[in-house]
6 protein chains.
Amino acid sequence: MTKPTALVVSAHSADFVWRAGGAIALHTQKGYEVTIVCLSYGERGESAKLWKQEGCTLEHVKVERKKEAENAASALGAHDIQFFDLGDYPLEMDREAKFRLVDVIRQVQPRFMLSHSQDDPYNTDHPYATKMALECRMIAQAWGHNPGEKVLGAPQLYLFEPHQTERCGWKPDTFLDITDVWDKKRAAIECMEGQEHLWDFYTNVAENRGNHFRRNSGGQAGGRPARYGEAYQSLFPRTVDEL
Amino acid sequence: MTKPTALVVSAHSADFVWRAGGAIALHTQKGYEVTIVCLSYGERGESAKLWKQEGCTLEHVKVERKKEAENAASALGAHDIQFFDLGDYPLEMDREAKFRLVDVIRQVQPRFMLSHSQDDPYNTDHPYATKMALECRMIAQAWGHNPGEKVLGAPQLYLFEPHQTERCGWKPDTFLDITDVWDKKRAAIECMEGQEHLWDFYTNVAENRGNHFRRNSGGQAGGRPARYGEAYQSLFPRTVDEL
Amino acid sequence: MTKPTALVVSAHSADFVWRAGGAIALHTQKGYEVTIVCLSYGERGESAKLWKQEGCTLEHVKVERKKEAENAASALGAHDIQFFDLGDYPLEMDREAKFRLVDVIRQVQPRFMLSHSQDDPYNTDHPYATKMALECRMIAQAWGHNPGEKVLGAPQLYLFEPHQTERCGWKPDTFLDITDVWDKKRAAIECMEGQEHLWDFYTNVAENRGNHFRRNSGGQAGGRPARYGEAYQSLFPRTVDEL
Amino acid sequence: MTKPTALVVSAHSADFVWRAGGAIALHTQKGYEVTIVCLSYGERGESAKLWKQEGCTLEHVKVERKKEAENAASALGAHDIQFFDLGDYPLEMDREAKFRLVDVIRQVQPRFMLSHSQDDPYNTDHPYATKMALECRMIAQAWGHNPGEKVLGAPQLYLFEPHQTERCGWKPDTFLDITDVWDKKRAAIECMEGQEHLWDFYTNVAENRGNHFRRNSGGQAGGRPARYGEAYQSLFPRTVDEL
Amino acid sequence: MTKPTALVVSAHSADFVWRAGGAIALHTQKGYEVTIVCLSYGERGESAKLWKQEGCTLEHVKVERKKEAENAASALGAHDIQFFDLGDYPLEMDREAKFRLVDVIRQVQPRFMLSHSQDDPYNTDHPYATKMALECRMIAQAWGHNPGEKVLGAPQLYLFEPHQTERCGWKPDTFLDITDVWDKKRAAIECMEGQEHLWDFYTNVAENRGNHFRRNSGGQAGGRPARYGEAYQSLFPRTVDEL
Amino acid sequence: MTKPTALVVSAHSADFVWRAGGAIALHTQKGYEVTIVCLSYGERGESAKLWKQEGCTLEHVKVERKKEAENAASALGAHDIQFFDLGDYPLEMDREAKFRLVDVIRQVQPRFMLSHSQDDPYNTDHPYATKMALECRMIAQAWGHNPGEKVLGAPQLYLFEPHQTERCGWKPDTFLDITDVWDKKRAAIECMEGQEHLWDFYTNVAENRGNHFRRNSGGQAGGRPARYGEAYQSLFPRTVDEL
């Protein structure tokens, strides 16, 4: 029997760690095959620490960033990580790059997809990646695109948590309990050696989302003891048999 | 073992039929005990047909409206229907009325609650009912309200579909497949003899929400063959173990 | 005396039928010349039924889709239908394509324009078409674009109804009574042989928008007996002599 | 034949002048009978100049404010002006006051109503007045309220311009050309002796709304020469026979 | 010379600690006199721990909650703390209670005010408190309210951080560096013995708002080393001499 | 010591005058060096008066528009004005043009930036310019873009006032008192000979924003006597030491 699958579309090579590391590890543990696509390495805009080193080159930054991302993916147990190397600040995708992403979507046939918030004034690459994920999801559904291939169904697109949520128009509707895999997420976070200033920030986020989880499942009176959480916004409605 | 429960808060005595009849019948069929609270009969504002009859009185309208609502609740298999008789156009709840609703919430201990959209320029009783449902949900969570009683957890509050959705700021995020219980919902609808002009309207709604269900579960390529649906907006985030 | 005119900008060749067929037929009946521009045939993304046939080719799909659209336009009495054949999923317009649309706008000098909603997570071609319609409307107003040509005034841009209204941020402010031309719209709908699953959906929509029309013109007490309607959102304010 | 009618609901006795004086004068000129209801005199919160006078009393302020408002109504040619004297800062309406407003609505049977924006952080009386206008409009539609009286249809509720539009969530969709009656509006404005600091402010508003009128009816290329305008937001959709 | 002043309006007696403790301590240190008004003790709805004790009474809860709040206010160096004891879950203010708050506002003549977010589906007392703060601010500006008293100017109303920001429609526009007074805020937090489960939550919030402060003042490249922060949303525009 | 700096990004060569002329003159007076970038001359779309002259050419329009803009910049005392000549209606920026803007941003190292509103259905060049300003601001922050150059901090991006504010989703949060430099702004406005129809419009705007300034700094009771103002919306939060 084929395993369930999921697909993460990450603008830069570290985004998936902070924002969706728990979901990746948790679903892997549940038997999913999770594929990660890094559209760029974040080599120009998110590697300040490396660039401050004497004699640093773009190639060197890419190599280092790739290594870190592979280590993190490995710590999370991800099935596959692909690097599209499209450049960052700004990230731009032409028709060819879009169709490459469509190919991955169709190969993976994900039950759900993960990407960035739809707005982010601090980082325009992030909403751009989501725009592309959405457009490519649509193309993957088209019977006339590479006829004969299996077309995509209608997987949910979850938007993971941006750095400054309220300024990005992002409103979570789904809290995921990641307590069981927190150690893996923290290990993946620590693979990001160039961004150590964010380790504790995202640990705080996970703890506080755990608190929100407890509040929403149990209200004032306590609730289920989730200690770590991740929050997501769904772009599409759910279809259910029971409320 | 106790059965799961749900609670519907309906501003007027017919609202629950058009907007949540499918959910009531479906969850009843799944073993839920569903309680309906009608805050008013809609006797002044939603009974034009009765008022056009010679010699009509307020008492007569209430009796007729109650009968229709009881018949509909029965057709849906609801566990209980309670009439608070608080008056309509405008509906107003004082402290005593609120605490009466709190009592019902605590007695029912619902897994989820259903009420109106949060805005409705056509009918200010509707959002008022939701405001009350939300406030009473909070009171029911308070350990200091009637100490010793079992406090409420954190049940979801689903907002059911208003008559003119886009003008009411209502955005559905959950589609429920009600195909299996459509006959019951239609039967309940036909209990509303005074509002026959709405029977086909809400049949159309159910068919088109079925189409939306198919779209969201299967995209362009078809999807699960739901023929009738109901749509809901969640007021609170979900807490989940799997996306 | 010149006839009044209107212009419909349709992302794919069938969109104008479901969403604006009534407006096209009604205004034609009132003496307007209505021009339809189909930016693509929807050949890749909206022709699943054709693609499921053995040996289907892109060219074949285009021919079929064109035929259906021409039949529908004819059933509605449209003055002209033009096919830009720009490709779909994704639809993309370069400078040349934009200027081609500007040329049509200036030739038609429409009293009003019709296009899609400004957001649609299910179908990114739709809001893209509107973005283009808006941009080209602006270019058509520029005295320095092809100097000597008659520049455009400030026609309203009405956004027609998307498939899942509430998820597309679309809020209707104008209900059009299409009862008199419903037969023509239904006939045009039935020209769309490849999308028979949508015939009843959009009949339901028309009936329910008729109900909304009656509600907004006559409130609880009844009102004008529109049986079929279409709903629109205006992008620009109206200028009036009387409220 | 009965004349067409309109109804203005003004929180304080001067609001109708600045915000809807043009509409009142223009529709009067067109044969409407326009009735104005001032829910309060604005005696506590909008009469600073009077209160700065030695020995001023509440009664004195009311008398002065009433006189000014009557003069303004007269300058505009209003059919009737009624003072509910409900108090301001804060304005509050109990059931009796609501039913009094319902009575006026039913007597007037307005083709359209005018009131404040739905939000105003500077002045909570303003949105409160609109909330009441909306609720009373609904009650006036109820067949069971004072059975036998003529129930209300579904008149538009236009929201007139607040002092700081963008902070009040107010978005105009209708520009009215008031050039022909500008002299009357300016005369009415000058009746407001206690608020002379606002005369030029609202003259500027009228001129700039005239500019917006020209832009929206004629675009970059000029357009109809409205010199003075008023802007409104519609709360309900329009029902039309032609776009 | 008189000292500058500030006023905090807190729905329940602990809210000011978590949400504005840093601002209170910091401004006190800068020479402000900060007054805190607790509209209720949160005795019914926010004292679960006390209510779980055998034989607990409402009076006992109030005494304990008051003690904790006084200790916290003292730890922060607040100038004054007043308890209105209006009851909670639900909090309700009649005319008399409003005028009592107006009296405090006028006596304090605050340079700025602090209160809750304008929406909170989890806790309807919170937005209600802000609604009251806004209404009473307006009354305090009225020359006709207790003529002869000094009327209020136009102080900013800052909305402090709710527990689940994104679900409360709260969007911060101002980050305050509270590093220098963090010890005092933590000490005040630890006075809230009944809500120990929130101590670390709000420490995490302070650390992460410190990170946001650094991002907004220094971007990707680092910035000013704020270690702890608080975030606020302004309800009114600022008036400035320099951008 | 280096002077403080500011940067204005203007879609067309006249925009900076109407919308930010006061800020330019005021900050220049305070010792800032203000640089203006005009992405286009507005030669096609905003020069109707010139195009109506016999024998007008694109080159002629550019020359005239440049002259007017230089005169206006000079009247305001701007430090530098640069013309990118990228074309208008539509304005489009490729990678090279973006990097040219990044170069200017880095050379200027602005304390704050000014650009257009984020939406404008009347003029799609305006929000496009802001989108570019935001993207280039991000690129200028990237350590990997032209390594060795001084990277940008995190300057505020203020959005200046569009022509029809409420239709552009623009909400001002900052009012600037420009009374002291009004004469300079009016002089700059009068340099725009081709758009004389806008002179009084923007004088009215300045007067009314002065009124808003007085209201927000002094409430009902008067306040600081600003006679002319400009309004801005901040895209990023402020970081402060005192509320």
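Structure: see above.
What you see is a predicted model; the values in this text were computed from it and never measured. (Residues numbered from 1 in each chain as written. Chains lettered and ligands numbered in written order. Predicted model: local features only at pLDDT ≥ 70, side-chain atom pairs only at ≥ 80, totals over all residues. Heavy atoms only, no water.)

Chemist: Even after reading the chapter, I still don't get the packing of aromatic side chains, so can you show me in this structure?
Modeler: The way to describe two aromatic rings as a pair is by their centre distance and the angle between their planes. This structure, assessed with the given rule, holds 48 aromatic pairs over all chains. Centre to centre, the rings of tyrosine 32 of chain B and phenylalanine 112 of chain B are 5.8 Å apart; their planes meet at 50°, and the pair counts as tilted. Separated by 80 residues along the polypeptide, tyrosine 32 of chain B in the loop between α1 (15-29) and β2 (33-38) and phenylalanine 112 of chain B in strand β4 (residues 112-115) bring together distant segments of the chain. Each member of the pair, tyrosine 32 of chain B as well as phenylalanine 112 of chain B, is classed as buried. When the centroid spacing of 5.8 Å and the interplanar angle of 80° are considered together, the rings of phenylalanine 112 of chain D and tyrosine 158 of chain D count as edge-to-face. In this pair, phenylalanine 112 of chain D is assigned in strand β4 (residues 112-115) and tyrosine 158 of chain D in strand β5 (residues 156-159), connecting sequence segments 46 residues apart. Of the two residues, phenylalanine 112 of chain D and tyrosine 158 of chain D, both sit in the buried class. Here the aromatic residues Tyr32, Phe112, Tyr158 and Tyr232 of chain A are joined through ring pairs into a cluster of three or more. Lysine 52 of chain B extends its terminal NZ or CZ atom over the ring of tryptophan 143 of chain D, reaching a point 4.7 Å from the ring centre. (Phe/Tyr/Trp six-rings, centres within 6.5 Å; stacked < 30°, edge-to-face > 60°. Helix = DSSP H or I, 4+ residues; strand = E, 2+ residues; numbered from the N terminus. Buried < 20%, exposed > 50% of the residue type's maximum accessible area, 1.4 Å probe, protein only. Lys NZ or Arg CZ within 6 Å of the ring centre and 35° of its normal.)

Chemist: What's the story with the interface of chain A and chain F in this structure? I'm lost.
Modeler: Often, the extent of an interface is quoted as the loss of accessible area on bringing the components together. In this assembly, 14 residues from chain A lie in contact with 16 residues from chain F. Regarding the contact of chain A and chain F, the summed buried area is about 1500 Å², with carbon and sulfur atoms giving 62% of it. Joining chain A to chain F, the criterion identifies two salt bridges. The tally of links between chain A and chain F comes to five residue pairs in polar contact (both at pLDDT 80 or more). Broken down by class, the residue content of the side of chain A that touches chain F amounts to six nonpolar, three polar and five charged. (Contact = heavy atoms within 4.5 Å. Buried area = accessible area lost by both parts, 1.4 Å probe. Salt bridge = Lys/Arg side-chain N within 4 Å of Asp/Glu carboxyl O. Polar contact = N/O pair within 3.5 Å; in protein donor to acceptor, adjacent residues only side chain to side chain. Nonpolar A, V, L, I, M, F, W, Y, C, P; charged D, E, K, R; others polar.)

Chemist: Can you walk me through the relation of the copies chain A and chain F in this structure?
Modeler: Each of the two chain copies goes to the other by way of a rotation about an axis and a shift along it. The transformation that overlays chain A on chain F combines an axial shift of 0.0 Å with a rotation of 120°, and the residual RMSD is 0.0 Å. Here the copies are linked by what is in effect a three-fold axis. For chain A, the smallest separation between a C-alpha atom and the rotation axis is recorded for aspartate 94 of chain A, amounting to 7.6 Å. (Least-squares fit on C-alpha atoms with pLDDT ≥ 70 in both.)

Chemist: Mind showing me how you'd approach the sheet that holds strand β5 (residues 156-159) of chain A here?
Modeler: One key point about sheets: their strands pair by backbone hydrogen bonds, in either a parallel or an antiparallel sense. Read across the sheet, eight strands follow the order β3(A)-β2(A)-β1(A)-β4(A)-β5(A)-β7(A)-β6(A)-β8(B) without closing on themselves; strand pairing throughout is mixed. The sheet is open, and its two borders are formed by β3 (80-83) of chain A together with β8 (238-240) of chain B, each paired with just one other strand. Pairwise comparison of adjacent strand axes, ignoring direction, gives a mean angle of 25° for this sheet. Bridge count for strand β6 (residues 174-177) of chain A against β8 of chain B is three bridges, and the pairing is parallel. Bridge pairing links leucine 176 of chain A to valine 240 of chain B in β8 of chain B. Those strands touched by helix α1 (residues 15-29) of chain A are β1 (5-10), β2 (33-38), β3, β4 (112-115), β6 and β7 (229-234) of chain A, and its axis lies near 100° from that of β7 of chain A. (Pairing = 2+ DSSP bridges. Axes fitted to C-alpha atoms, helices over the stretch in contact; angles between N-to-C directions.)

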